[in-house]
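# Per-entry structural report
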Amino acid sequence: MRITVIGAGAIGLLAAAKLSSMHQVQLLTRTNVQAELISAKGIRLDGETIHIKAITLDDLYTVQSTDLYIVCTKQYDVKSVWDKLVSHAAAPVVFLQNGMAHTDMLRSAAFDYPIIVGSVEQGALRVDQQSVLHTGKAVIRLANLTGNSAEMLVKHLHDPNFPFLLEKNWHRMLGKKLIANAVINPLTAIYRVKNGELLERPAFCAIAQKLCEEAAEALDFDFAEQWVYVRQIIMATKGNRSSMLKDIEAGRKTEVESISGYVQKHAKRAVPYTDFVYYSILGLTRQQERTSL
Ligand code: PAF
């Protein structure tokens, strides 16, 4: 397949490098510097060089023939990417973001091609603008948001070295992951701890459980089932620093709006623990921004 990967963060670099072993891949980056670097020197995946054509997102209109777009940007950049794609793309689009805020927007969009959403369980760490480490070997799950092409895509994309799995229900797939992110991400970022410490320290664990209860109820999921799942994710990623902790430490914008903000927006009752972490993360980000000025 001819695949256009949009976004050259950790997941974009990993997906572009892995998919290029079986497909013709090009990568769209935010900056010209990164596009030139990758075009000249390739992507370094776990120390191995993979040669890939890269252009900037501003040149999206020059992409003529592609069979698939895969959007790997952070959640808060989806809107600006989508504004460009919606008037240009003539192929299915896969979205691989944390959170669910993009689904409300995409479901109401007038777009003639299928939209597929994914949940990434792969672990990846971007080392610099062209280098990425594959830190956790797992799967990418895909489900139809509109149209009916996820099954065919999974068949084309699946590779035992980079597996894709079909999920029938996009809301369950993304909701399950969102609940885990609504528990793990803000708490690890506020307490500045690795994921595993949320279970190791009983006081943190008590707050984690409250957040899980609120998120599960807001999204109409069973709390007991979700708490088992959240604990499994914490155990499986116990040595990891969550993406929100890394964003806060680097003074970057976080995805709290599409994670805790989504829980707040869909809650039928008060969600005081979620409110607390949501405003704490916003406050920490502003503090970081002031510090970096
Ligand atoms: O955002 C993250 O960091 C990850 O989705 C997760 C599952 C919380 C593991 O760190």
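These numbers come from a predicted model, not from an experiment.

Next up on the list: the packing of helix α6 (residues 170-191) against helix α11 (residues 256-266). The N-to-C vectors of α6 and α11 enclose an angle of 115°; their axes lie 9 Å apart at closest approach. On the basis of their axis angle, the class for α6 and α11 is roughly perpendicular. When the axes of α6 and α11 are compared, the crossing they make is left-handed. Counting all contacts with α6, which are made through Leu 178, Asn 181, Ala 182, Asn 185 and Pro 186, the residues of α11 involved are Ser 258, Ile 259, Ser 260, Tyr 262 and Val 263. Across the contact of α6 with α11, the residue classes break down as six nonpolar, four polar and no charged.

Right, let's get into the pattern of salt bridges. Counting across every chain of the model gives 13 salt bridges. Across the pair Lys 79 and Asp 83 runs a salt bridge whose closest N-O atoms are separated by 3.0 Å. Residue Lys 79 and its partner Asp 83 are located together in helix α3 (residues 78-88), separated by four residues, close to a single helical turn. On the basis of relative accessibility, which here comes to 47%, the residue Lys 79 falls in the partly exposed class. Between Asp 104 and Lys 265 there is a salt bridge; the shortest N-O distance is 3.3 Å. In this pair, Asp 104 sits in helix α4 (residues 101-107) while Lys 265 sits in helix α11, placing the two residues 161 residues apart along the sequence. Of the residues examined, Asp 104 reaches a relative accessible area of 26% and is grouped as partly exposed. Ionic contacts of the salt-bridge type, sharing partners, join the residues Lys 74, Asp 247 and Arg 252 into one network.

Right, let's get into the nonpolar core. With 62 residues, the main nonpolar core has Ile 6, Tyr 69, Leu 85, Phe 95, Ile 179, Leu 219 and Val 230 as its most contacted residues. Counting the residues that make up this core, at least three belong to each of domain 1 (2-168) and domain 2 (172-286). Non-local contacts of Leu 219, meaning those with residues more than four positions away in its chain, are made with Met 100, His 171, Gly 175, Leu 178, Ile 179, Tyr 262, Val 263 and Lys 268. Counting 35 residues, the second largest nonpolar core, distinct from the first, contains Val 5, Leu 13, Val 132 and Phe 162.

This part takes up the layout of surface pockets. In this model, the second largest pocket occupies a volume close to 240 Å³. What lines the second largest pocket is a set of 13 residues, and nearest its centre among them are Tyr 76, Lys 253, Thr 254, Val 256 and Glu 257. Counting residues per element, the ones that place at least two in the lining of the second largest pocket are α11 and α12 (272-292). Considering each element in turn, the lining of the second largest pocket owes the most residues, four residues, to α12.

Further remarks concern the sheet that holds strand β4 (residues 48-50). One open sheet holds the four strands; their spatial order is β4-β3-β10-β9, and the pairing between them is mixed. Each edge of the sheet is formed by a strand with only one pairing partner; in this case those strands are β4 and β9 (123-128). Each strand of the sheet is rotated relative to its neighbour by a mean of 30°, with strand direction disregarded. Examined bridge by bridge, strand β3 (residues 43-45) and strand β10 (residues 131-136) share two bridges and lie parallel to one another. The residue bridging Leu 45 from the neighbouring strand is Val 132, located in β10.

So, on to the sheet that holds strand β5 (residues 53-56). Taken together, the eight strands give an open sheet; going across it, the order is β5-β2-β1-β6-β7-β8-β11-β12, and neighbouring strands pair in mixed fashion. The open sheet is flanked by β5 and β12 (164-166), the only strands paired with a single partner. Going across the sheet, the axis of each strand differs from the next one's by a mean of 25°, ignoring polarity. One ladder, built from three bridges, connects strand β7 (residues 93-95) with strand β8 (residues 115-120); its direction is parallel.

This part is about the domain arrangement of the protein. Where the parts come together, the accessible area they lose is often given as the size of the interface. If you check the domain split of the protein, you get domain 1 (2-168) and domain 2 (172-286). Computed over C-alpha atoms, the centres of domain 1 and domain 2 are 25 Å apart. Contact with domain 1, which involves 20 residues of that partner, is made by 20 residues of domain 2. Buried area between domain 1 and domain 2, summed over both chains or domains, comes out near 1,600 Å², and the portion from carbon and sulfur atoms is 58%. Together, Tyr 76, Asn 98 and Met 100 form the three largest contributors to the area buried by domain 1 at its contact with domain 2, with a combined 40%. For the pair domain 1 and domain 2, the interface holds two salt bridges.

Summarising burial for β8: six of the six residues are buried, a large majority. Burial of the side chains of β8 extends over both faces: Ile 115, Val 117 and Ser 119 are buried on one face and Ile 116, Gly 118 and Val 120 on the other. By the bridge criterion, six bridges tie β8 to strand β11 (residues 140-146) in an arrangement that is antiparallel. Directly across from Ser 119, in β11, lies its bridge partner Arg 141.

Residues in close proximity to the ligand include Asn 98, Lys 177, Asn 181, Ile 184, Asn 185, Asn 195, Ile 233, Ser 242 and Ser 243, which together make up its full environment. Between an oxygen atom of the ligand and a side-chain N or O atom of Asn 185, the distance comes to 3.1 Å. With respect to the ligand, the side chain of Asn 195 contributes an N or O atom lying 2.9 Å from an oxygen atom. Relative to its free-state accessible area of 280 Å², the ligand is covered by the protein chains to the extent of 86%. With four residues, α6 is the single largest residue contributor to the shell around the ligand. Here the shell around the ligand is composed, by residue class, of two nonpolar, six polar and one charged.

Cut-offs used in this document
Residues numbered from 1 in each chain as written. Predicted model: local features only at pLDDT ≥ 70, side-chain atom pairs only at ≥ 80, totals over all residues. Heavy atoms only, no water. Axes fitted to C-alpha atoms, helices over the stretch in contact; angles between N-to-C directions. Helix = DSSP H or I, 4+ residues; strand = E, 2+ residues; numbered from the N terminus. Parallel < 35°, antiparallel > 145°, perpendicular 65-115°, else oblique. Left-handed = near helix turned anticlockwise from the far one by under 90°. Contact = heavy atoms within 4.5 Å. Nonpolar A, V, L, I, M, F, W, Y, C, P; charged D, E, K, R; others polar. Salt bridge = Lys/Arg side-chain N within 4 Å of Asp/Glu carboxyl O. Buried < 20%, exposed > 50% of the residue type's maximum accessible area, 1.4 Å probe, protein only. Core = buried A, V, L, I, M, F, W, Y, C linked by side-chain atoms within 4.5 Å. Domains from an automatic or database assignment. 1 Å grid on protein atoms, 1.4 Å probe; cavity = no way out; pocket = protein on both sides within 12 Å on 5 of 7 lines; lining within 4 Å. Points joined across faces, edges and corners; volume = space filled by probe spheres on them. Pairing = 2+ DSSP bridges. Buried area = accessible area lost by both parts, 1.4 Å probe. Near = heavy atom within 4 Å. Polar contact = N/O pair within 3.5 Å; in protein donor to acceptor, adjacent residues only side chain to side chain. Areas by Shrake-Rupley, 256 points an atom, 1.4 Å probe, with all protein chains shown as cover.

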